[in-house]
Amino acid sequence: MSARVEALLARLSWEQKLAQMQIVWRRDLGEATALARRGIGALFWPASARETNQLQRAAVESGGVPLLIALDVVHGQRTIFPTPLAQAASFDRAVAAADARVSAREARSGGVNWTYSPMVDVTRDPRWGRVVEGFGEDALLTSTLGAVKARAYRAEGVAACLKHFAAYGAAEAGRDYNTADVSRRRLRDVYLEPFRAGAHAGADTVMAAFTSLNGRPMHANAPLLTGVLKGEWGFEGLVVGDAEGVAQLVAHGVAETEKDAIRQAIEAGVDIVMGGAELVDARGAALLAPGEVDADRVDDAVRRILSLKERLGLLDDPFVREEAEILAPTEESLAAARSAAERCIVLLRNEGALPLAPRGRVLVTGPYARSLDHLGAWVQHFAAPATSTLADALAAELPEVDWVEAAGSGFLSGSDEDIAEAVSRAADADLVIVAAGEPSRLSGEAASRADIALPAAQTRLIHALADAGARVVVVLHTGRPLVVEDWIERVDAVLCTWHLGTQAAPAIAGALSGRVNPGGRLPMTFPRAVGQIPIHHDHERTGRPARTGGELLDPAAVDDETILGPNNTDDHYTSKFLDLPLGPRFAFGHGLSYTTFALDDLEVVRDDGGWLVSVRVRNTGVHDGDDVVLLFASDECASVVQPVRRLRGFERVAVPSGGAARVAFRLEASDLGFWTDDERFVIEPGGFELAVEDGVSAVRTRIVLEEAS
């Protein structure tokens, strides 16, 4: 810590130190200004550069310390990029970096210097609404993209915040704020790794999760907040509580009063309390006296806060140029958002219906045909809206097509008359585009869903069109993986577009026309039924894995004895569901293209540090396109049961029609290690299968690690 920080810390009174350790949101600018004069350490953004400067001026002129000004800038400030889950579908580090750079630039121009992003919670349960804020089910993908965003925010002068520490994505039943119970081994291998990577990449802050973990609420979890994060990893940044999270220790039942909850949180490692009771009231009285909370811990917290303010340049100049505030998207930011949106789209199914023909008669129907609800969860009211509807964008993209429209259904309701109209207009159309999906409000915080199918009105529309014999393309807007089993085999193509932000409609139109060749891949598994959840690609092995060839039982068509007794197949006593085919509907990494690719010429070169794994990617089709190449490793035998495979690398590569490219991965011995139940990281000798895949094809080889470490 710098001499300036130490000198400033020494000047602060006990009350001033506690005031630095709180952030609150006040809608009224006068109330917020009064808090700034009283020495509060942080406030939420008041919505303009001018008002931010007013708050900073109040803090400085009263002899205090400049403010941290915070805001949830999750995937855009003015220019809205695809949601983080959509960004993960791009498997492109540049997409995540572009979002963070543009978002930070826009936010910083208005005075924001701290964003509550990125969310690096790994989750395997799509019922949880907050899957939309993260990067999906895989620890490596989440770690990589989270670190990219943290570095980009920091480069633009905004402090990143890794959230929510830890295992928030493991909430039971996918119900937000619910408890999580995770083994220490899985906690280390899966849920902690993205936070470790983000902290090492330069994230300045970490947010504690609302949940309890293994019976200990995270806001009072000293073994993780202090022991692992600050101690073992050497994290020098600060820990902030989530909204009212400290006060909720009372509701958790581990603190009798809010005062005791605050004491517990501070001593556990929380440096800034968000919301709740004022640590220092309007009379200047401190909620906690010097003897009621560890004074050294308070000094440590304030030292971390002041150090961050110094690194951000706030101790030198906390003000922003009001005339330079970015109030609307620029041509450059819109171009970046559109490029990002185009790279996030996943072609799930295509029976020759896409790309669209440049001429013909096409019906556009469904709730997203004329909706501007493309921004997704976690955007602010001042965000730039989507620039056009999908129907308008398609008309501009393919002007020689005879476009026909029908309402079909709303998001959550529909009438027989609307469906009949759509069916009637489909009769003389060459193709029907059903713009379907869950609206933005159905995903995000406090938006868990027990049933993650399309709303019934939209499903009825799809079935009615299929019953009438129409060729149907579904454009699926969503904030999570959905259960599509009811209708997926009845349609000719499905394009998963997620919620793509301000430039969604033209990006989707480009993918439908073929101007953009979809190159995204799924960052989360699409289950066949909710009953399969949790389902993810890196599940652990079982002693009785199911095999192909078993007879699928229809419970409605057989008697109790058949269901309960042996079903005359070789794999009856194996790990499966009697009433579902094996595996998910769409696996992690799945994604099609308008061209075809082949993987071959796999090479593995050993050196002292590990292996260089490379493969040739050939574009064997007639269109240029992007392939996403994934490297998986499988441990053949270990002292602890291992996942069936683990993602160890990914690269997205552009390959022209008829061309080829070589993709290389660096595999270290540490990439083959794992955590034990007693929290030791071990690398055991033995054989490992390596598989290089692109969601359609795969090539495999075997390596041997000779020595343990």
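Note that the structure is a prediction, hence the values are computed from the model and not measured.

Structural notes on the packing of helix H6 (residues 93-109) against helix H7 (residues 139-155)
Then step 1. Packing of H6 against H7 leaves a shortest axis separation of 8 Å and a crossing angle of 30°. When the interaxial angle is binned, H6 and H7 end up roughly parallel. When you trace H6 past H7, the crossing you get is right-handed. Mapping the contact onto sequence places Arg93, Ala96, Ala97, Asp99, Ala100, Arg101 and Ala104 in H6 and Thr144, Leu145, Val148, Lys149, Ala152 and Tyr153 in H7.
Then step 2. Across the contact of H6 with H7, the residue classes tally to eight nonpolar, one polar and four charged.

Thoughts on the side chain of Arg480
Then step 1. Here Arg480 shows up in the loop between strand E15 (472-477) and strand E16 (493-496).
Then step 2. At a separation of 2.9 Å, a polar atom in the side chain of Arg480 contacts the side chain of Glu438.
Then step 3. From its side chain, Arg480 meets the backbone oxygen of Ala447 in a polar contact 2.9 Å long.

As for the pattern of salt bridges
A side chain with one charge may pair with a side chain of the opposite charge, provided their charged atoms come close.
Then step 1. Within the structure shown, the criterion is met by 69 salt bridges.
Then step 2. Ionic pairing is found between Asp299 and Lys17, a salt bridge with its closest N-O pair at 2.7 Å. Note that Asp299 is positioned in helix H13 (residues 295-311) and Lys17 in helix H2 (residues 14-20), a separation of 282 residues in sequence.
Then step 3. Take Lys17: its relative accessible area is 13%, and that puts it in the buried class.
Then step 4. A salt bridge links Glu342 to Arg515, with the shortest nitrogen-to-oxygen separation between them at 3.5 Å. Placement of Glu342 in helix H14 (residues 331-344) and of Arg515 in the loop between helix H18 (504-513) and helix H19 (560-564) is noted, with a sequence separation of 173 residues between them.
Then step 5. Residue classification places Glu342 among the buried residues on the basis of a relative accessible area of 17%.

A short note on the pairing of strand E13 (residues 401-405)
Then step 1. When strand E12 (residues 360-365) meets E13, the two strands line up parallel, connected through five bridges. Along E13, the bridge assignment pairs Val364 with Glu405.
Then step 2. Following the chain from E12 across helix H15 (residues 390-397) to the adjacent parallel E13, one finds a crossover that is right-handed.

Quick word on the environment of Arg666
Then step 1. Looking at where Arg666 falls in the secondary structure, it is placed in strand E21 (residues 660-668).
Then step 2. Judged by its relative accessible area of 37%, Arg666 falls in the partly exposed class.
Then step 3. Measuring from C-alpha to C-alpha, the distance between Arg666 and Glu689 comes to 15 Å, with 23 residues separating the pair along the chain.
Then step 4. Residues contacting Arg666, with those up to four places away along its chain left out, are Asp607, Gly609, Gly610, Trp611, Leu612 and Asp671.
Then step 5. Polar side-chain contacts of Arg666 include one of 2.7 Å to the side chain of Asp607.
Then step 6. For Arg666, the side chain forms a polar contact with the side chain of Glu668, separated by 3.1 Å.

Some thoughts on the sheet that holds E21
Then step 1. A sheet is described by the order of its strands in space; here three strands give the open sequence E17-E18-E21, paired in antiparallel fashion. Looking at the sheet topology across the chains shown, the edges are occupied by strand E17 (597-606) and E21. Adjacent strand axes in the sheet meet at a mean angle of 20° when their direction is disregarded.
Then step 2. Bridge count for strand E18 (residues 610-619) against E21 is nine bridges, and the pairing is antiparallel. Counterpart to Ser614 in the pairing with E21 is Ala664.

Thoughts on H14
Then step 1. With 14 residues, H14 should reach 20 Å at 1.5 Å per residue; the first-to-last C-alpha distance of 20 Å fits that figure.
Then step 2. For H14, the full list of buried residues reads Ser333, Ala337, Ala340, Ala341, Glu342 and Cys344.
Then step 3. On its buried face, H14 is in contact with helix H5 (84-90), H6, strand E11 (346-350) and H18.

The rules behind each value
- Residues numbered from 1 in each chain as written.
- Predicted model: local features only at pLDDT ≥ 70, side-chain atom pairs only at ≥ 80, totals over all residues.
- Heavy atoms only, no water.
- Axes fitted to C-alpha atoms, helices over the stretch in contact; angles between N-to-C directions.
- Helix = DSSP H or I, 4+ residues; strand = E, 2+ residues; numbered from the N terminus.
- Parallel < 35°, antiparallel > 145°, perpendicular 65-115°, else oblique.
- Left-handed = near helix turned anticlockwise from the far one by under 90°.
- Contact = heavy atoms within 4.5 Å.
- Nonpolar A, V, L, I, M, F, W, Y, C, P; charged D, E, K, R; others polar.
- Polar contact = N/O pair within 3.5 Å; in protein donor to acceptor, adjacent residues only side chain to side chain.
- Salt bridge = Lys/Arg side-chain N within 4 Å of Asp/Glu carboxyl O.
- Buried < 20%, exposed > 50% of the residue type's maximum accessible area, 1.4 Å probe, protein only.
- Pairing = 2+ DSSP bridges.
- Right-handed = clockwise from strand over helix to strand, strands pointing away.
- Expected span 1.5 Å × (residues − 1).

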